[in-house]
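# Fold and geometry: a report
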Amino acid sequence: MTLVAGVDSSTQSCKVVVCDAATGELRHEAHAPHPDGTEVAPQAWWDALRAASAGLLEQVAAVAIAGQQHGLVALDAAGHPVRDALLWNDVRSAAAAADLVTELGGPQAWAEAVGSVPVAAFTVAKLRWLADHEPDRADRVARIMLPHDYLTWRLRGGAAAEPTTDRGDASGTGYWSAATGGYRKDLLALGFRGRTPELPRVLGPAEAAGRTPSGVLVAAGTGDNAAAALGLGIGDGDVVVSLGTSGTVFARAARPSADATGAIAGFADATGAFLPLVCTLNAARVLSATADLLGVDLPALEALAAQAPPGADGLVLLPYLAGERTPNRPDATGSLHGLCAATMRPGHIARAAFEGMLCNMAEALDAIRAAGVAPRRVLLIGGAARSALVATIAAQIFATPITVPEPAEYVALGAARQAAWALAGTPQPPDWPARPAGAVPSSADDAATGAVIRARYRQAQTALYGG
């Protein structure tokens with residue numbers, strides 16, 4: 001049996017899976033935590049990868065890294081970080097993103113150039129922030145990587161290895177175009193105030209980056225969302241709603257997107273196609289924060305929410321606990337609307353948290369639909385998708401049936417599938433069987449209930465932020 005490994009280096013932790021290269025059967029799984037925060041020393045990711053993979057990589061023929069997107073790893077000429085990496089969820093670069101949009105000529109110019117309009121998360125905005133706020137450090141930057149690039153590079157020995165990336169992760173930088181398949185070094189220079197550090201070579205989906213010092217094949221790797229799509233094996237008409245700490249809605253597309261509203265990021269995927277994606281900063285974090293507020297664990301929060309009626313008798317939570325990316329409100333905060341004696345109860349607050357999180361995701365799903373993607377099915381994944389109540393409320397608020405694949409580390413599984421693909425050298429990735437999934441129907445009554453909940457949510461938004 002030939003084994004392959006897939007790594008998910010996420011914001012919270014490093015997860016490693018080992019699978020049969022031919023069938024995808026899971027053989028081993030391990031994880032190690034990452035430090036909290038919106039800036040992290042890249043060495044911490046490497047330490048976590050070594051801890052999580054201890055004793056596992058010696059068993060495999062190939063490995064691939066999937067990582068959190070956008071993060072800025074800035075290295076000096078010796079290959080050392082000039083500062084801690086700025087992560088996707090660090091919103092201090094919001095003003096820099098807005099300036100860049102204006103300087104190029106507006107959102108349409110960015111959409112045409114790279115398929116996306118920069119927001120605080122994008123690497124190009126973080127480069128502008130670094131150039132303006134830490135110019136001495138910016139002057140020392142000789143090479144730029146993304147988190148998955150850095151780990152792939154370290155796996156292959158570091159300093160002596162050629163840095164590489166893939167089209168999926170490169171498409172989240174703001175200076176690589178999914179439509180043309182090339183870097184826009186003029187936009188790199190615009191972002192970094194004239195500086196043009198070395199960028200990783202962009203590999204094709206099944207192309208190998210190299211080998212570890214012990215001889216294990218290292219595949220290209222990719223961004224976390226592209227890896228999840230590969231792990232799920234999504235096809236035309238599949239829309240994925242991922243409810244991790246943050247939330248994403250994405251679909252596979254044959255053509256690149258260029259959304260001038262900025263809602264949809266025009267990413268590439270890990271197969272040679274495209275992955276239009278909408279990202280929110282707030283998803284499962286809304287539930288965990290509400291559980292902390294009420295002094296309960298997540299199962300108890302779900303039980304409390306189930307006791308309150310749909311719509312929580314008019315109580316609405318706008319879930320912008322970490323600012324927000326979509327809608328683009330980096331300085332927003334969360335707020336409760338409709339508090340009265342009847343709704344100031346734990347069950348109602350819990351219900352409003354579930355519904356607020358899903359109303360926010362429904363707006364992301366609306367953007368994907370408006371771009372011409374007609375969902376054949378909506379797949380719900382991520383930590384919060386393990387809640388039966390989340391799936392039930394999603395069917396109401398999304399007004400569509402919900403498919404819930406069995407809980408699994410789909411990002412790491414997608415990386416493992418990519419590793420198997422690079423090892424096989426075939427035109428298409430290996431045909432791993434789909435994992436079992438449950439279904440939650442959506443009736444006309446459910447859709448009507450969801451419409452009322454969403455109308456109240458929009459009223460609260462309008463009252464606070466205007467039309």
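Here the structure is a predicted model, which is why all the values come from computation and not from measurement.

Scanning the protein chain from N- to C-terminus turns up 15 helices and 24 strands. Projected onto its principal axes, the C-alpha coordinates of the protein chain cover approximately 65 × 55 × 40 Å. With 467 residues in all, the protein chain has 58% of them scored as buried. In the protein chain, the share of contacts with a sequence separation of at least 24, taken over all contacts with a separation of at least 6, comes to 71%. For the protein chain, the accessible surface area stands at approximately 17,000 Å², while carbon and sulfur atoms represent 53% of it. Between the centroid of the 35 positive side chains of the protein chain and the centroid of its 44 negative side chains there is a distance of 2 Å.

Let us now look at the layout of surface pockets. The volume enclosed by the largest pocket comes to roughly 1,100 Å³. The wall of the largest pocket is formed by 48 residues, among which S242, G244, T245, G382 and G383 lie closest to the centre. For the lining of the largest pocket, the class distribution of residues is 21 nonpolar, 18 polar and 9 charged. Space inside the second largest pocket adds up to approximately 340 Å³. Lining the second largest pocket are 17 residues, and of these A253, R255, A371, G372 and V373 lie nearest its centre.

This part covers the pairing of strand 1 (residues 3-9). For a regular strand, side chains alternate in direction, first toward one face of the sheet and then toward the other. Summarising burial for strand 1: 7 of the 7 residues are buried, a large majority. Note: strand 1 against strand 2 (residues 13-20), 7 bridges, orientation antiparallel. Its bridge partner being in strand 2, A5 is matched across the sheet by V18. In sequence, strand 1 turns back onto strand 2 through a hairpin of 3 residues. In terms of strand pairing, strand 1 meets strand 5 (residues 62-67) through 6 bridges, oriented parallel. When the sheet's bridge partners are listed, A5 is paired in strand 5 with V63.

Annotation from UniProt places "site: Important for activity" (unreviewed entry) at D8. With respect to the helices and strands, the residue D8 is situated in strand 1. Among all residues touching D8, those that are not within four sequence positions of it are S13, C14, K15, A66, V411 and A412.

Let us look at a nonpolar patch on the surface. Taken together, L336, L339 and M344 make up a surface patch of nonpolar side chains, about 280 Å² in accessible area. Looking at the element boundaries, L336 is found in strand 21 (residues 335-337). Taking the relative accessible area as the measure of exposure, L336 reaches 34% and is therefore partly exposed.

Further remarks concern the pattern of salt bridges. Counted under the stated rule, the structure contains 22 salt bridges. A salt bridge links R201 to E162; the nearest nitrogen and oxygen atoms lie 3.1 Å apart. Of the two residues, R201 is situated in strand 12 (residues 201-203) and E162 in the loop between helix 6 (147-155) and strand 9 (164-166); the sequence distance between them amounts to 39 residues. On the basis of relative accessible area, E162 is assigned to the partly exposed category, the value being 41%. The shortest N-O distance in the salt bridge between R435 and E406 comes to 4.0 Å. Of this pair, R435 sits in the loop between helix 14 (410-424) and strand 24 (437-440) while E406 sits in the loop between strand 23 (402-405) and helix 14; the two residues are 29 residues apart in sequence, bridging distant segments of the chain. Classification of E406 as partly exposed rests on a relative accessible area of 32%. Bridged by salt links that share partners, the residues E39, R83, D90, R92, E134 and R137 form one connected network.

Conventions and cut-offs
- Residues numbered from 1 in each chain as written.
- Predicted model: local features only at pLDDT ≥ 70, side-chain atom pairs only at ≥ 80, totals over all residues.
- Heavy atoms only, no water.
- Helix = DSSP H or I, 4+ residues; strand = E, 2+ residues; numbered from the N terminus.
- Buried < 20%, exposed > 50% of the residue type's maximum accessible area, 1.4 Å probe, protein only.
- Contact = heavy atoms within 4.5 Å.
- Areas by Shrake-Rupley, 256 points an atom, 1.4 Å probe, with all protein chains shown as cover.
- Lys, Arg positive; Asp, Glu negative; His and termini not counted.
- Charge placed at Lys NZ, Arg CZ, Asp CG, Glu CD.
- 1 Å grid on protein atoms, 1.4 Å probe; cavity = no way out; pocket = protein on both sides within 12 Å on 5 of 7 lines; lining within 4 Å.
- Points joined across faces, edges and corners; volume = space filled by probe spheres on them.
- Nonpolar A, V, L, I, M, F, W, Y, C, P; charged D, E, K, R; others polar.
- Pairing = 2+ DSSP bridges.
- UniProt positions renumbered as here; feature names shortened; annotations may be inferred.
- Patch = residues over 30% accessible without salt bridge, like charges linked within 9 Å, V, L, I, M, F, W, Y side chains within 5 Å.
- Salt bridge = Lys/Arg side-chain N within 4 Å of Asp/Glu carboxyl O.

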